[in-house]
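Listed here are the chains, written in short residue letters.
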Amino acid sequence: MAVLVADDVSRRYGDTVALDGVSLDVSEGEIFGLVGPNGAGKTTLVRALTGTTEVDGHVELFGTSPQSVDGERIGLLPQDFDPPERLTARELLAYFGGLYDDPEPADALLEAVGMEANADTYYENLSGGQQRRTCVATALVNDPELLVVDEPTTGIDPAGRRQLWQLLEELAADGTTIFITTHYMEEAEELADRVGLLANGELVALDTPSALIETYGGDSLLYIDGEFEDDVTGRVEYECSLADGQLTLRNVPPEDIGRIVTEAEAAGATVDSLTWTDPDLEDVYLELTDQNVTERRSVEAAAAEVTSQ
Ligand SMILES: Nc1ncnc2c1ncn2[C@@H]1O[C@H](COP(=O)(O)OP(=O)(O)OP(=O)(O)O)[C@@H](O)[C@H]1O
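Residues numbered from 1 in each chain as written. Predicted model: local features only at pLDDT ≥ 70, side-chain atom pairs only at ≥ 80, totals over all residues. Heavy atoms only, no water.

Trainee: Looking at this structure, how should I read the environment of Gly75?
Mentor: Structurally, Gly75 is set in strand 5 (residues 74–77). Relative accessible area serves as the criterion here: at 1%, Gly75 is assigned to the buried category. The spacing of Gly75 and Ile178 is 103 residues in sequence and 9.4 Å in space, taken between C-alpha atoms. In this view, Gly75 contacts Ala139, Asn142, Pro144, Leu146, Leu147 and Val148; residues no more than four positions away in its chain are not counted. (Helix = DSSP H or I, 4+ residues; strand = E, 2+ residues; numbered from the N terminus. Buried < 20%, exposed > 50% of the residue type's maximum accessible area, 1.4 Å probe, protein only. Contact = heavy atoms within 4.5 Å.)

Trainee: Whenever I open this one, helix 7 (residues 209–216) confuses me. Can you help?
Mentor: Counting along an α-helix, one turn takes 3.6 residues, and residues three or four places apart therefore face a common direction. Of all the residues in helix 7, the buried ones are Pro209, Leu212 and Ile213. All buried residues of helix 7 fall inside an arc of 100 degrees around its axis, so they share one side. Opposite the buried face of helix 7, at more than 90 degrees from it, the exposed residues are Ser210, Glu214 and Thr215. Tucked into the core, helix 7 has its buried residues touching helix 6 (185–191), strand 8 (194–199), strand 9 (202–207) and helix 10 (281–288). The first or second residue beyond helix 7 is Gly218, which carries a positive phi of 85 degrees. (Arc of directions from axis to C-beta.)

Trainee: What should I look at first to understand the site of the ligand in this one?
Mentor: Close to the ligand lie 14 residues; Gly39, Lys42, Thr43, Thr44 and His183 are nearest. Between the ligand and Asn38, the relevant distance is 3.0 Å, taken from an oxygen atom to a side-chain nitrogen or oxygen of the residue. Taking Thr43, its main chain carries an N or O atom lying 2.8 Å from an oxygen atom of the ligand. Protein contacts shield 63% of the accessible area of the ligand, which totals 640 Å² for the unbound molecule. Of all the secondary-structure elements, those providing two or more residues to the shell around the ligand are strand 2 (16–27) and helix 1 (42–49). With three residues, the single largest contributor to the shell around the ligand is helix 1. When grouped by side-chain class, the residues that make up the shell around the ligand number four nonpolar, eight polar and two charged. (Near = heavy atom within 4 Å. Polar contact = N/O pair within 3.5 Å; in protein donor to acceptor, adjacent residues only side chain to side chain. Areas by Shrake-Rupley, 256 points an atom, 1.4 Å probe, with all protein chains shown as cover. Nonpolar A, V, L, I, M, F, W, Y, C, P; charged D, E, K, R; others polar.)

Shape descriptors only; they carry no functional weight alone.
Laid out in structure tokens, this is it:
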């Protein structure tokens, strides 16, 4: 059953089209990841889905309008959530817990987001990442059936981020439906069952991470650095190119790498190092937001060159 449905949702702010005919649905227990560049419309869509902004089109949560849904069923973490600062982390959770009939215990929530050691610190004295973890905990205080979190892990260190991924995965495994926006492609790829990519207010792709990578991710690339004869590209059975002592081969199955190197060396090449890259969700993102993969790799190569100088 779809917990959340958006059908042809549009929103304008003056001349700005923030959302342009977005349609999607999210099933019970699914983790849906929404990604897209700054200004793509992600926060506007979160607001549309949670009934905090008026939109054209149709939005439904649990089969009814967002405004009619019992607030006990939803947990929302807005991007710009700004709780009272003169409360400790524990007091803050008690404060938000007071809005619900049967709140989760503050200490259990703080432990779940890795904040137990800072429970008695005033919110204003917490680091940015600690504040964000506390904010995530406030969205869980009513043990919601639908959790909508707008960039929940921004500013959180890698270990803390992974801890939150695990928490969200456990919640989803227990049936919580999760709608998450993020700028971290690794997060979307790791966490989301399906990913929607928003660009200029339009949903330009929507599928599982692996299907998106298969469709839009481009080739796997094998880079071999060394010294090669100029005609090496004609002797390798894979699509390849040679530039600045680097042979680049496309779509080589990993099991063929050893043989290719042996054959190249037998033909007089000297091989110094190998790098193999598989396309990932970041490549999909760059491809669909007009920054193609070749461009990214050349930017990375230029950066590496500058660093090594
Ligand atoms: N209240 C508002 N008034 C006017 N324009 C707005 C308002 N809210 C959003 N916009 C515009 O709508 C567009 C989408 O903004 P939105 O905040 O939804 O993007 P976003 O994808 O969440 O961006 P970010 O990744 O930077 O958080 C932007 O062009 C933004 O300037």
